[in-house]
Protein chains: 2
Amino acid sequence: MLIRHGMNTCFARLDIANNRVSTLAAVLRRQQFLIRSLGGTPSQDCREKMNAVEADSLSIIRKITPKLDLSRHKGQAGKIAVIGGCREYTGAPYFAAISALKIGADLSHVFCTKDAAPIIKSYSPELIVHPILEESYSVRDEDKIPTANKILAEVNKWMERFDCLVIGPGLGRDRFLLDCVSQIIRSARYFNIPLVIDGDGLFLVTNTLELVSGYPLAVLTPNVNEYKRLVQKVLNCEVNNQESSAELRSLVKGIGGITVLRKGKSDLICDGTEVCSVSTFGSPRRCGGQGDILSGSVAVFITWARQCEDMGTNPMNPTVLGCVAGSALLRKAASAAFENKRRSTLTTDIIEYLGNSLEDISPSV
Amino acid sequence: MLIRHGMNTCFARLDIANNRVSTLAAVLRRQQFLIRSLGGTPSQDCREKMNAVEADSLSIIRKITPKLDLSRHKGQAGKIAVIGGCREYTGAPYFAAISALKIGADLSHVFCTKDAAPIIKSYSPELIVHPILEESYSVRDEDKIPTANKILAEVNKWMERFDCLVIGPGLGRDRFLLDCVSQIIRSARYFNIPLVIDGDGLFLVTNTLELVSGYPLAVLTPNVNEYKRLVQKVLNCEVNNQESSAELRSLVKGIGGITVLRKGKSDLICDGTEVCSVSTFGSPRRCGGQGDILSGSVAVFITWARQCEDMGTNPMNPTVLGCVAGSALLRKAASAAFENKRRSTLTTDIIEYLGNSLEDISPSV
């Protein structure tokens, strides 16, 4: 019944999506103005970030983070789902999903393989973990099509409830699993759900750009190596760090109509027009898993930024604002964790500082 | 593709290895000089350690531990893998792998049996755990060769990414599993990856000395009983505690071209030339698992010491320096944990003190 309901309403959603695309240019111009008017200044680290405007990330976080009051009900602060977690990787989807909750989302789901589910569940009773994905080794060839259909139907039962999907943390690279995730991405687009794509999700998308091309609610969050592969695929050249902003703009235009958050010493964010940066001090510790915190954080902030937009107070590109906010919050939390734990700082430690870091910037009541 | 790439580059690596072996004698002389010049003094506990120079371990730790700064990227502080963990033992590989992270490595992997993986994963989402090893009970005789080949191929896909392997914590003594690990050791030598061999890895190596003989990047870390078996096998006699240093030197020469860290009241370290000792006060608590902390710690410090060498600042034997540093840090952390927890000190408690203990010696920024 849920699926049928989804199908009936999706056309209305698609109309809304089309309208949104057509008004996007105007929205982007207003958003760039907002970034500047919120205090954006040219950054110092000039060559690398030439033409990038340093975002006033704290003002943006304050702008989009909702105040809490007793009239709110469960779900309003965000319902996030992470698609990831396989036999090999279980930490990454946990980090993304628990980060979303620690920042303030109300519900956080994980859709992972049957092998991964009990372990992810064991990390925390706070998460809702769906053991529904399959890897090739557990599916006979003749069962692949019905199994894929069953997986997609199962995810679709939930799809409309989610405010944002994070695709990729700990997904692995199994062919059958990635084929199913391609279907999930197509379905998410159909239902007009924002997508944050990281990790092995980027591997999938880099090889099949049409999955995200032209979808303004998609954000890719590549690290150094993932960015390199994207540039090679889309621009057919090597990364040029002397022209980071121009290159990032070309990359986004090459893919078409999405947002890219390029992680690095400064995070650079672009939706095809201007490039903004987040350079606030973070942590020199480079333990694995910090990218997963970022993907979960960006998902929550995009949700909140879209709620702002829905309220009509500031029509701006919520995807860019979500990226700025997620990047800045991770840096602040990582800095606080490093202050305390120094060289032994792990991802779990940083997650523990997400709440206080956000409270410092934007008190909850 | 990764495997092929590995095969293509391994010859270059072997050339580098050969050059390294040929310059080892000079390097060792300089390293002995460093140990002395850093303040090494003859120890007091004279009979047992006659001819052993007490290493100035704190200066060595300061020398090899990298400062952290924002220009560093994920992986530079070390990528460690532990080969161990079976149906019976899951704590040991976890202790070794998490210790590596807590000291400051960026990524820590565990390769274990399928039974052990979910449990090791559940201890911490920070570890990347590969459920790929098999014990005899789960493999039919006719499947053993293809299964072993598959396991080796899977490990080889990752091999070149690692800075050091720890072989043995919680490995067990299953014949088929140990045969696979023998292949992994041979492959690691082929790719010129440093090896720290402890626990059941020592059982394997003691019975098949050619696995490590002549490999200067191997270190064995035997406790009292493991050392006894090594001496019986290599020197064909009982341990002589009156001539510890001479005996250790003979043992190392008997095996050929490796380093041995003999754990005891004082830890004795020898790579075939002089013997150095680490005797700083640790803890009188002898709970199981401390050897696993040591193996993970030594792996990280060897990685860092080799990076120092790569930078050309101090050409010295990084294996010995890694052993000295690992031994000294464990002692300091164990002492701090015992101060707090006394008789109830457990391995987990000691691990929690690794970060602060290292920070005391060598501040991270």
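As a reminder, the structure under discussion sits directly above these lines.
Below is a short write-up of the structure. Note that this is a predicted model, so its numbers are computed, not measured.

**Considerations on the interface of chain B and chain A**
Interface size is commonly expressed as the accessible area that is lost once the parts come together.
For step 1, the next point in the chain: Contact residues are listed per partner, giving 39 residues for chain B and 26 residues for chain A.
For step 2, the next point in the chain: Across the chain B/chain A interface, buried area totals approximately 2,600 Å², and carbon plus sulfur atoms make up 56% of it.
For step 3, the next point in the chain: On the chain B side of the contact with chain A, L70(B), P125(B) and E126(B) bury the most area, a combined 26% of that side's loss.
For step 4, the next point in the chain: At the junction of chain B and chain A, the tally comes to 1 salt bridge.
For step 5, the next point in the chain: Measuring nitrogen to oxygen at the nearest pair gives 3.1 Å for the salt bridge that ties D106(B) to R285(A).
For step 6, the next point in the chain: Counting every contact that joins chain B to chain A gives 13 residue pairs in polar contact (both at pLDDT 80 or more).
For step 7, the next point in the chain: Partitioning the side of chain B that touches chain A into residue classes produces 18 nonpolar, 10 polar and 11 charged.

**A look at the relation of the copies chain B and chain A**
For step 1, the next point in the chain: At an RMSD of 0.1 Å, chain B and chain A line up after a rotation of 89° and a shift of 0.1 Å along the axis. This pairing of chains is accounted for by a four-fold axis. Among all C-alpha atoms of chain B, that of S122(B) lies closest to the rotation axis, at 4.7 Å.
For step 2, the next point in the chain: Both copies present different contact surfaces, since only 3% of the interface residues of chain B are interface residues in chain A too.

**What about the side chain of K263(B)?**
Residue and element names in this part refer to chain B.
For step 1, the next point in the chain: Relative to the helices and strands, K263 is located in the loop between β9 (259–262) and β10 (267–270).
For step 2, the next point in the chain: Look at K263 and you get buried, because its relative accessible area is 14%.
For step 3, the next point in the chain: Of the polar contacts made by the side chain of K263, one reaches the backbone oxygen of T221; its length is 3.2 Å.
For step 4, the next point in the chain: If we ignore the near neighbours within four places in the chain, the residues touching K263 are D198, T221, P222, N223, V224, G291 and L294.

**Topic: the side chain of S187(B)**
All names here are of chain B.
For step 1, the next point in the chain: Relative to the helices and strands, S187 resides in helix α8 (residues 175–190).
For step 2, the next point in the chain: Using a relative accessible area of 8% as the deciding quantity, one classes S187 as buried.
For step 3, the next point in the chain: In this view, S187 contacts L152, N156 and M159; residues no more than four positions away in its chain are not counted.

**Structural notes on the pattern of salt bridges**
Residue and element names in this part refer to chain B.
For step 1, the next point in the chain: In this structure the tally under the stated criterion is 29 salt bridges over all chains.
For step 2, the next point in the chain: Here R140 makes a salt bridge to D143, at a shortest N to O gap of 3.2 Å.
For step 3, the next point in the chain: Measuring nitrogen to oxygen at the nearest pair gives 3.3 Å for the salt bridge that ties R331 to D267. With a gap of 64 residues between them, R331 in helix α13 (residues 318–341) and D267 in strand β10 connect regions that are remote in the sequence.

**Some details on the nonpolar core**
For step 1, the next point in the chain: Grouped together as the largest cluster of nonpolar side chains are 60 residues, with contacts concentrated most on I64(A), L127(A) and F301(A).
For step 2, the next point in the chain: In this structure, I64(A) is in contact with F301(A), W304(A), A305(A), C308(A), M316(A), L321(A) and A325(A), ignoring residues within four places of it in sequence.
For step 3, the next point in the chain: Membership of the second largest hydrophobic core comes to 59 residues, among which are A97(B), I293(B), V324(B) and A325(B).

**With respect to helix α15 (residues 354–361) of chain B**
For step 1, the next point in the chain: Burial within α15(B) is extensive, with 6 of its 8 residues counted as buried.
For step 2, the next point in the chain: Looking only at α15(B), the buried set comprises L354(B), G355(B), S357(B), L358(B), E359(B) and I361(B).

**So, the pairing of strand β3 (residues 79–83) of chain B**
Residue and element names in this part refer to chain B.
For step 1, the next point in the chain: Within β3, 4 of the 5 residues are buried, which leaves the element mostly enclosed by the surrounding structure.
For step 2, the next point in the chain: In this structure, β3 lies alongside strand β4 (residues 107–113), joined through 5 bridges in parallel fashion. Pairing of I83 across the sheet is with F111, part of β4.
For step 3, the next point in the chain: Each parallel crossover has a hand, and for β3 linked through helix α5 (residues 91–103) to β4 it is right-handed.
For step 4, the next point in the chain: Summarising the sheet, β3 and strand β6 (residues 164–167) pair through 4 bridges and their orientation is parallel. Among the inter-strand pairings, A81 is bridged to a residue of β6, identified as L165.

**What about the pairing of strand β9 (residues 259–262) of chain A?**
Residues and elements named next belong to chain A.
For step 1, the next point in the chain: Where burial is concerned, the two faces of β9 agree: the one with T259 and L261 and the one with V260 and R262 are both buried.
For step 2, the next point in the chain: Pairing analysis gives 2 bridges linking strand β8 (residues 218–220) to β9, with the strands arranged parallel. Within the sheet, the bridge partner assigned to L220 lies in β9 and is V260.
For step 3, the next point in the chain: As defined by bridge partners, β9 adjoins strand β10 (residues 267–270) across 3 bridges and the pair is classed as antiparallel. Across the sheet, V260 pairs through a bridge with C270, a residue of β10.
For step 4, the next point in the chain: The loop that links β9 with its antiparallel partner β10 comprises 4 residues.

**Here's the deal with the packing of aromatic side chains**
Given two aromatic rings, their pairing is described by the distance between the two centres and the angle made by the two planes.
For step 1, the next point in the chain: Applying the stated criterion across every chain yields a total of 10 aromatic pairs over all chains.
For step 2, the next point in the chain: Between the aromatic rings of Y94(A) and F95(A), the centroid separation amounts to 5.7 Å while the plane-to-plane angle is 50°, which identifies the pairing as tilted. Here Y94(A) and F95(A) have matching classes, each one buried.
For step 3, the next point in the chain: Among the aromatic residues, those joined into a cluster by ring pairs are Y94(A), F95(A) and Y123(A).
For step 4, the next point in the chain: When the ring centre of W158(B) is taken as origin, the NZ or CZ atom of R161(B), which lies over that ring, is 4.3 Å away.
For step 5, the next point in the chain: The cationic tip of R173(B) hangs over the ring face of F203(B); the distance from NZ or CZ to the ring centre is 3.9 Å.

**A short note on unusual backbone geometry**
For step 1, the next point in the chain: Notably, R342(A) is not glycine yet its phi reads approximately 50°, a positive angle.
For step 2, the next point in the chain: Here R342(A) lies in the loop between α13 (318–341) and α14 (347–352).
For step 3, the next point in the chain: Phi is positive for N236(B), close to 60°, though the residue is something other than glycine.
For step 4, the next point in the chain: Inspection of the secondary structure puts N236(B) in the loop between α10 (224–234) and α11 (244–255).
For step 5, the next point in the chain: For N236(B), a relative accessible area of 68% corresponds to the exposed category.

Cut-offs and rules
Residues numbered from 1 in each chain as written. Chains lettered and ligands numbered in written order. Predicted model: local features only at pLDDT ≥ 70, side-chain atom pairs only at ≥ 80, totals over all residues. Heavy atoms only, no water. Contact = heavy atoms within 4.5 Å. Buried area = accessible area lost by both parts, 1.4 Å probe. Salt bridge = Lys/Arg side-chain N within 4 Å of Asp/Glu carboxyl O. Polar contact = N/O pair within 3.5 Å; in protein donor to acceptor, adjacent residues only side chain to side chain. Nonpolar A, V, L, I, M, F, W, Y, C, P; charged D, E, K, R; others polar. Least-squares fit on C-alpha atoms with pLDDT ≥ 70 in both. Helix = DSSP H or I, 4+ residues; strand = E, 2+ residues; numbered from the N terminus. Buried < 20%, exposed > 50% of the residue type's maximum accessible area, 1.4 Å probe, protein only. Core = buried A, V, L, I, M, F, W, Y, C linked by side-chain atoms within 4.5 Å. Pairing = 2+ DSSP bridges. Right-handed = clockwise from strand over helix to strand, strands pointing away. Phe/Tyr/Trp six-rings, centres within 6.5 Å; stacked < 30°, edge-to-face > 60°. Lys NZ or Arg CZ within 6 Å of the ring centre and 35° of its normal.

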